[in-house]
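# Per-entry structural report
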Amino acid sequence: MFDKLMQVQQQAEEIKKRLDSISVKGEAEGGKIVVTSNGNKHISAIHIEEEYYKNADREELEELIAVAVNKALVQAENVHQVEMQALSTNMLGGLGNLFNG
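The notes below deal with the structure included here. Remember, it's a predicted structure, so these values are computed and weren't measured experimentally.

### Quick look at the sheet that holds strand β3 (residues 43-48)
Strands sit in the order β1-β2-β3 across an open sheet of three strands; the sheet is antiparallel. Edge positions in the sheet fall to β1 (23-28) and β3, since each of these pairs with one other strand and no more. When the angles between neighbouring strand axes are averaged without regard to direction, this sheet yields 15 degrees. Judged from the six bridges that link them, β1 and strand β2 (residues 33-38) form a sheet pairing that is antiparallel. For Lys25, the partnering residue across the bridge sits in β2 and is Thr36.

### Brief notes about the environment of Asn38
Considering the arrangement of structural elements, one finds Asn38 in strand β2. For the pair Asn38 and Ser21, spaced 17 residues apart in the sequence, the C-alpha separation amounts to 6.6 Å. Setting aside its immediate chain neighbours within four residues, Asn38 contacts Leu19, Asp20, Ile22, Val24 and Ala76.

### Notes on the pattern of salt bridges
One pass over the structure, following the stated rule, counts five salt bridges. Here Glu77 makes a salt bridge to Lys41, at a shortest N to O gap of 2.6 Å. Of the two residues, Glu77 is situated in helix α3 (residues 58-92) and Lys41 in the loop between β2 and β3; the sequence distance between them amounts to 36 residues. Of the charged contacts, one joins Glu62 and Arg58 as a salt bridge, the two residues approaching to 2.9 Å between their closest N and O atoms. A residue pair is termed a helical-turn pair when its members lie 3 or 4 positions apart in one helix, as Glu62 and Arg58 do in helix α3 at four residues. By relative accessible area, Glu62 is classed as partly exposed at 44%. A relative accessible area of 67% means that Arg58 is categorised as exposed.

What counts as what
Each chain carries its own residue numbering, running from 1 in the direction its sequence is written. Only residues with pLDDT of at least 70 get local features here, since the model is predicted, and only at 80 or more are side-chain atom pairs given and counted; chain-wide, interface and lining totals rely on the full set of residues. In computing side-chain properties, one takes all heavy atoms of the structure into account and sets aside hydrogens as well as water. Note on pairing: two strands pair once DSSP finds at least 2 bridges between them. Strands are runs of DSSP state E lasting at least 2 residues, helices are runs of H or I lasting at least 4, and numbering of each runs from the N terminus. Fitted lines through C-alpha atoms give the axes, limited to the stretch in contact for helices. The angle between two N-to-C directions lies from 0 to 180 degrees. Note on definitions: a residue-residue contact is assigned when non-hydrogen atoms from the two residues lie within 4.5 Å. When a carboxyl oxygen of Asp or Glu is within 4 Å of a side-chain nitrogen of Lys or Arg, the pair counts as a salt bridge. In this scheme, a residue with accessible area under 20% of its type's maximum is buried, one over 50% is exposed, and one in between is partly exposed, where area comes from a 1.4 Å probe on protein chains only.

See the structure below:
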């Protein structure tokens, strides 16, 4: 049992590393604002097209940045859930035999 827990912990650490290397993006205003996040929901970059930045008013820009951040975080959450679901399935895979015998 202890070995299984150690294996699960190691797999969780591997997944975290993999999620750190996955990049997702959220866009607003047709790609004029792009927010990049990793699979662990860490925002790594915000890019605003220079011409758009020069012409946008502050309130609009703030709202669109929030939209792009939220889209990036939704993408990151989706990737995160897929990875964690795979870990859970792997972790619980051996328990099925407990109820069938």
